[in-house]
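Breakdown of the fold
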Amino acid sequence: MKCPTALLTLPLLFAAPAMAADAQPRPDQLAFRDIYKELVETDTTLSAGSCTLAAERMAARLTAAGFADSQLTLFADPAHPKEGGLVAVYPGTSKTAKPILLIAHIDVVEAKRADWERDPFRMVEEDGYFYGRGTADDKAQAAVWVDTLIRFRKENYKPKRTVKVALTCGEETNGAFNGAEWLAANRRDLIDAEFALNEGGGGDSDGKGKVIGQSVQVGEKTFANFRLETRNPGGHSSAPVPDNAIYQLAAALTKIGQYEFPLEMTDTTRRFFAEAGTARGDETGRAMAALAKDPTDKAAEAIVNADRFLHSNLRTTCVATLLDGGHAPNALPQRAGANVNCRIFPGHPIEEIKAELERVIGDPGVTVTQLPPKRPAPPAPPLDPRVIGPMQTLVDKYWPGLKVIPAMANGYTDATFLGAAGIPTYGIPGMWGDPDGNGAHGLDERMEVRSVYVGRDYMFDLVKAYADEP
Ligand SMILES: [Zn+2]
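So, here is what we can say about the structure in this document.

**Some points on the pattern of salt bridges**
Within this structure, the stated rule accounts for 39 salt bridges. The salt bridge involving Arg161 is made with Glu469; its shortest N-O contact spans 3.2 Å. Placement of Arg161 in the loop between α3 (139-155) and β6 (163-168) and of Glu469 in the segment after α13 (449-468) is noted, with a sequence separation of 308 residues between them.

Laid out in structure tokens, this is it:
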């Protein structure tokens, strides 16, 4: 599912009609719907669900479709028996072409029945929408990947490239067991691929049934949490001294608050600012295009920075998010601490950001410590025409007149782990979401039925385009 990113600024100028909805679903769509429903109705929350069960159910479907045991790998860390996953391999004919990897996470954000209008773990179709936790993030994609392999088998399709599917757990919960991270660390061979297709891209509708944009996610920021801490001998508050742990910490935080990391662009964000800016046509849009041409244009930067998503899309950001200190109302503080959350522009090692914070603070009395979980900081994947080209060709077919706009996410997905393992990972166009975010991570999550069915057709064609090509 698409994360809230700079994409929120995509123009409302495109006006290509979405493909006409089929009044009656095709038999192949109903077969897919069955997979989708089973995935949504398998609770995969960290608290009460089981990704392992969902992975086993998908493996059973692939087995029933004719996959050999040797082509299916169910995996789980013994310490996290319910957080397992599945890798399925559909062999290609070429000895030289590298595989492609289709990845989707199968865990979902918690959902309380009492808060929802409907049971979050029943998939309900109503008024042109599928409702249920995970319908948008990310079980539609996971179901399409499984369905794609089953259709390949039925067609006896012989791709040049090997096509791999990985269904993993733990994307939604920081610090939980993460299947993509585990595979990259322990079964790198199994998921080896020239590139991977993931969540994070996709289309936007105008909320009235019209698809107005399609994007591909190319790169994302990573994050790190730092603990800032000051210590002091303290004493009685009736006899204060200037040297005070809280003041010392406050001074450090003020410096961080006033510090602006320098503007940077990747090939992707430069193109995003040029194309999305030009299409917007307003003052911010003109400044975006000017900045893409000349990143030293301070006047343009000042206009763009007024948009918080664009501001963050142009640099590393660090912000104070938690605060603690002192131990009694009548004592001088012996300790004060804060959490600073950094969203790091691709290509910067986390140690470099820590060193920059220390430099900005300029006070060795303030300790800066990186907290777990420690995520990798891979470079952004290349804006490779061999990857982007087929996406655009098929968008021309499905949504004539739309241009696939590449964008970097301010948030993050499992692409971080694959990127760090040397597998460039792209969030693909296809299914579209509504302007309100479809309740992903929130209440009454839903996907437009047409978005799922048309997006599925697009994704199937896209996988074949890559699999046939090398
Ligand atoms: Zn997701």
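**Comments concerning helix α1 (residues 27-40)**
Taking 1.5 Å per residue as the helical rise, α1 with its 14 residues ought to reach 20 Å, and the 20 Å between its terminal C-alpha atoms agrees with that figure. Within the span of α1, buried status applies to Gln29, Phe32, Arg33, Ile35, Tyr36, Leu39 and Val40. Projected onto a plane normal to the axis of α1, the buried residues spread over an arc of 165° and lie on a single side. Elements that come into contact with the buried residues of α1 comprise α2 (51-64), β4 (124-126), β5 (129-131), α3, β19 (446-448) and α13.

**Some remarks on the sheet that holds β5**
Spatially, 3 strands are ordered β4-β5-β19 in an open sheet, and the strand pairing comes out antiparallel. If you trace the sheet from one side to the other, it starts and ends with β4 and β19, each paired once. Ignoring which end each strand starts from, the neighbouring axes of this sheet average 25° apart. Pairing geometry for β5 and β19, over 3 bridges, is antiparallel. Paired with Tyr129 across the two strands is Glu448, which belongs to β19. Contacts from α13 reach β4, β5 and β19, with the element oriented near 65° to β19.

**Things to note about helix α10 (residues 350-361)**
For an α-helix, the turn length of 3.6 residues means that residues three or four places apart are oriented alike. Under the 1.5 Å per step criterion, the end-to-end length of α10 is 17 Å for 12 residues, consistent within 8% with the ideal 16 Å. Restricting attention to buried positions, one finds in α10 the residues Ile350, Ile353, Glu356, Leu357, Val360 and Ile361. All buried residues of α10 lie within an arc of 130° about the axis, which places them on one face of the element. Away from its buried face, by an angle of more than 90 degrees, α10 presents the exposed residues Glu351 and Arg359. Buried residues belonging to α10 abut β10 (222-231), α5 (245-258), β12 (317-325), β14 (335-344) and β15 (367-371). Directly after α10, the chain includes Gly362, whose backbone phi takes a positive value near 60°.

**What to know about the environment of Gly85**
As for its position among the elements, Gly85 is in strand β2 (residues 85-90). For Gly85, a relative accessible area of 2% puts it in the buried group. Separated by 84 residues in the primary sequence, Gly85 and Cys169 have C-alpha atoms spaced 6.3 Å apart. Contact partners of Gly85, with chain neighbours within four places excluded, come to Ala55, Thr73, Leu74, Phe75 and Leu167.

**Focus on the coordination of the zinc ion**
On the protein side, the zinc ion has His105 (NE2), Asp137 (OD), Glu199 (OE) and Glu199 (OE) as donor atoms, found 1.9 to 2.8 Å from it. Its 4 donor atoms give the zinc ion angles of 51 to 151° at the centre, a pattern that matches the irregular case. Sequence spacing of the donors to the zinc ion: H-x31-D-x61-E. Pair noted here: His105 is in strand β3 (residues 100-105) and Asp137 is in the loop between β5 and α3, with a separation of 32 residues, a long-range link. Like His105, the residue Asp137 is buried in the burial classification.

**Looking at the state of the cysteines**
For the structure shown, the criterion picks out 2 disulfides. Each disulfide pairs two cysteine sulfurs, and for Cys51 the partner residue is Cys169, the sulfurs being separated by 2.2 Å. Since a negative S-S torsion denotes a left-handed disulfide, the Cys51-Cys169 link at about 65° is right-handed. Taken together, the residues span a long stretch of sequence, with Cys51 in helix α2 and Cys169 in the loop between β6 and α4 (179-186) at a distance of 118 residues. Classification of Cys51 by relative accessible area gives buried; the value is 1%. The residue that forms a disulfide with Cys318 is Cys342, at a sulfur-sulfur distance of 2.1 Å. Its S-S torsion of approximately 115° makes the covalent link between Cys318 and Cys342 right-handed. Taken together, the residues Cys318 in strand β12 and Cys342 in strand β14 connect sequence positions 24 residues apart. For the pair formed by Cys318 and Cys342, the shared burial category is buried. Disulfide connectivity for the chain, with bonded cysteines indexed by sequence position, reads 1-2, 3-4.

**Quick look at the pairing of strand β7 (residues 195-198)**
Residues Phe195 and Leu197 line one face of β7 and the alternating positions Ala196 and Asn198 line the opposite face, and both faces are buried. Pairing of β7 with strand β17 (residues 425-427) involves 3 bridges; the strand directions are parallel. Residue pairing in the sheet places Ala196 in a bridge with Thr425 of β17.

**A closer look at unusual backbone geometry**
Cis geometry is found at the peptide bond from Asp137 to Asp138, where omega equals 10°. For Asp138, the location among the structural elements is in the loop between β5 and α3. With an omega dihedral of 0°, the bond running from Pro372 to Pro373 counts as a cis peptide bond. Within the secondary structure, Pro373 is located in the loop between β15 and α11 (385-398). For Asn438, which is not glycine, the phi dihedral falls at a positive 60°. Considering the arrangement of structural elements, one finds Asn438 in the loop between β18 (432-433) and β19. Of note, Asp444 is a non-glycine position whose phi angle comes to about 50°, a positive value. Note on placement: Asp444 falls in the loop between β18 and β19.

Rules of the game
- Residues numbered from 1 in each chain as written.
- Predicted model: local features only at pLDDT ≥ 70, side-chain atom pairs only at ≥ 80, totals over all residues.
- Heavy atoms only, no water.
- Salt bridge = Lys/Arg side-chain N within 4 Å of Asp/Glu carboxyl O.
- Helix = DSSP H or I, 4+ residues; strand = E, 2+ residues; numbered from the N terminus.
- Expected span 1.5 Å × (residues − 1).
- Buried < 20%, exposed > 50% of the residue type's maximum accessible area, 1.4 Å probe, protein only.
- Arc of directions from axis to C-beta.
- Contact = heavy atoms within 4.5 Å.
- Pairing = 2+ DSSP bridges.
- Axes fitted to C-alpha atoms, helices over the stretch in contact; angles between N-to-C directions.
- Donors = N, O, S within 2.8 Å, 3.2 Å for Na, K, Ca; no water.
- Tetrahedral: all angles 85-135°; square planar, octahedral: opposite > 155°, others 65-115°.
- Disulfide = S-S within 2.5 Å.

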